[in-house]
Amino acid sequence: MKIELIQRAANVLFDVPDDMHEEIIMLITAVSEDRRAQVPDLAAAFGEWCWLVYTVHDDVVEVLDVGCAG
């Protein structure tokens, strides 16, 4: 599964602390590996501190937005 981040999501990803960066990467990995999460509509995944909004097109997970609390 290919992962694409829109520029705004990529900017956030690189501006968060390392531990939150790792949590976002774990969320992206989990979404890309979970066939049940691969729906063509807008969806969200939540970790302990972070979240992401994504959609799936064929074999591409498009991350539209990411964020972290705090």
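Novice: Describe the environment of Leu5, naming the residues involved and giving the relevant values.
Specialist: The topology assignment puts Leu5 in strand 1 (residues 2-5). With 40 residues separating them along the chain, Leu5 and Ala45 place their C-alpha atoms 15 Å apart. Apart from residues no more than four positions distant in its own chain, Leu5 is found in contact with Ala10, Leu13, Ile28 and Val63.

Novice: If you had to explain helix 1 (residues 7-15) to someone new, which residues and values would you point to?
Specialist: Side chains three or four residues apart in an α-helix point the same way, a direct result of the helix having 3.6 residues per turn. Turning to helix 1, its buried residues are Ala9, Ala10 and Leu13. Across the axial projection of helix 1, the buried residues extend over an arc of 100 degrees, all falling on one side. For helix 1, the exposed residues lying more than 90 degrees away from the buried face are Gln7, Arg8 and Asp15. Tucked into the core, helix 1 has its buried residues touching strand 1, helix 2 (18-33) and strand 4 (60-68).

Novice: Give me the lowdown on the pairing of strand 3 (residues 50-57), citing residues and values where you can.
Specialist: For strand 2 (residues 43-46) and strand 3, the ladder comprises four bridges, and the chain directions are antiparallel. Within strand 3, the position partnered with Phe46 by the bridge is Trp51. Counted between consecutive antiparallel strands, the loop separating strand 2 from strand 3 contains three residues. Pairing of strand 3 with strand 4, which is carried by eight bridges, proceeds in the antiparallel orientation. The partner of Val56 across the bridge, within strand 4, is Val61. Where strand 3 folds back onto strand 4 in an antiparallel hairpin, the turn is made up of two residues, including Asp58, whose phi is positive at roughly 55 degrees.

Novice: Lay out the nonpolar core with the relevant residues and their values.
Specialist: Ranked by size, the top nonpolar core spans 17 residues in total, and within it Ile24, Leu52, Tyr54 and Val63 carry the most contacts. Secondary-structure elements contributing two or more residues to this core are helix 1, helix 2, strand 2, strand 3 and strand 4. The biggest single contributor to this core is helix 2, with five residues. Not counting the four nearest positions on each side in its chain, Val63 is found in contact with Ile3, Glu4, Leu5, Ile6, Ala9, Ile28, Leu52, Val53 and Tyr54.

Cut-offs applied
Residues numbered from 1 in each chain as written. Predicted model: local features only at pLDDT ≥ 70, side-chain atom pairs only at ≥ 80, totals over all residues. Heavy atoms only, no water. Helix = DSSP H or I, 4+ residues; strand = E, 2+ residues; numbered from the N terminus. Contact = heavy atoms within 4.5 Å. Buried < 20%, exposed > 50% of the residue type's maximum accessible area, 1.4 Å probe, protein only. Arc of directions from axis to C-beta. Pairing = 2+ DSSP bridges. Core = buried A, V, L, I, M, F, W, Y, C linked by side-chain atoms within 4.5 Å.

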